[in-house]
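# Descriptive structure summary
The primary structure of each chain is shown beneath.
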Amino acid sequence: MAKKDQTTDAAKEKEKDREKWMARFQVRLAMQPGVDRAVVLQAVKEVTAHCAETGEHPRTAFGDPDAYAVQTAARLVPADRAARARRHNSVVDALDSVRDAAGKLGGL
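Residues numbered from 1 in each chain as written. Predicted model: local features only at pLDDT ≥ 70, side-chain atom pairs only at ≥ 80, totals over all residues. Heavy atoms only, no water.

## Quick notes on the side chain of T72
In this structure, T72 sits in helix α4 (residues 65-76). Residue contacts for T72: discarding those within four places in its chain leaves F25, L29 and A43. (Helix = DSSP H or I, 4+ residues; strand = E, 2+ residues; numbered from the N terminus. Contact = heavy atoms within 4.5 Å.)

Structure below.
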């Protein structure tokens, strides 16, 4: 394989890895309580701008995408909105459990 091909392959692999990091970060961020589309877009814009300016890979600059998503949500989502979302999620989970239990009883 020619040296140019190896360089091109390495660049493609680096880009693929960057895209995977960004995708995981976005999904994990969106799963955090109180995070809406605007928060995700702002965070992606920040990461993208930083990496474009520095040339760093997001993993090098920000670490693990899961941990960074938690940190980002804590920084960008007001505490009261996150708490409200957590309460809402716990109520929905409880209702889902009741529905599932009722469905099992109905099958007896």
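## Examining the packing of aromatic side chains
Scanning all chains against the criterion turns up five aromatic pairs. Ring geometry for W21 against F25: centres 5.3 Å apart, planes inclined by 20 degrees, an arrangement best described as stacked. Taken as a pair, W21 and F25 lie in helix α1 (residues 3-30) at a separation of four residues, close to a single helical turn. Here the two residues W21 and F25 agree in accessibility, since each one is buried. An angle of 35 degrees between the planes, with centres 6.5 Å apart, marks the rings of W21 and Y68 as tilted. (Phe/Tyr/Trp six-rings, centres within 6.5 Å; stacked < 30°, edge-to-face > 60°. Buried < 20%, exposed > 50% of the residue type's maximum accessible area, 1.4 Å probe, protein only.)

## Points about the nonpolar core
One finds W21, F25, L29, V35, V47, F62 and Y68 to be the most contacted residues of the largest nonpolar core, which totals 17 residues. Secondary-structure elements contributing two or more residues to this core are α1, α2 (37-54) and α4. Among the elements that take part in this core, α2 stands out by supplying six residues, more than any other. When near neighbours in sequence (up to four residues on either side) are disregarded, Y68 contacts W21, F25, V47, F62 and R75. (Core = buried A, V, L, I, M, F, W, Y, C linked by side-chain atoms within 4.5 Å.)

## Thoughts on the pattern of salt bridges
Within this structure, the stated rule accounts for four salt bridges. Ionic pairing is found between E15 and R18, a salt bridge with its closest N-O pair at 2.8 Å. Linking E15 with R18, this pair stays in helix α1, spanning three residues, or about one helical turn. Assessed through its relative accessible area of 29%, R18 is described here as partly exposed. For the salt bridge of R24 with D66, the shortest nitrogen-to-oxygen distance reads 2.8 Å. Here R24, found in helix α1, pairs with D66, found in helix α4; they are 42 residues apart in sequence, far enough to count as distant. Residue classification places R24 among the partly exposed residues on the basis of a relative accessible area of 39%. By relative accessible area, D66 is classed as partly exposed at 21%. Each of the salt bridges in this network shares a partner with another, and the network as a whole consists of R24, R28 and D66. (Salt bridge = Lys/Arg side-chain N within 4 Å of Asp/Glu carboxyl O.)

## What to know about the packing of α2 against α4
For the pair α2 and α4, interaxial distance at closest approach is 11 Å and the crossing angle is 115 degrees. The handedness of the crossing between α2 and α4 is right-handed. Residues V39, Q42, A43, E46 and V47 of α2 lie in contact with α4, whose contacting residues are Y68, T72, R75 and L76. In the contact of α2 with α4, the residues fall into five nonpolar, two polar and two charged. (Axes fitted to C-alpha atoms, helices over the stretch in contact; angles between N-to-C directions. Left-handed = near helix turned anticlockwise from the far one by under 90°. Nonpolar A, V, L, I, M, F, W, Y, C, P; charged D, E, K, R; others polar.)

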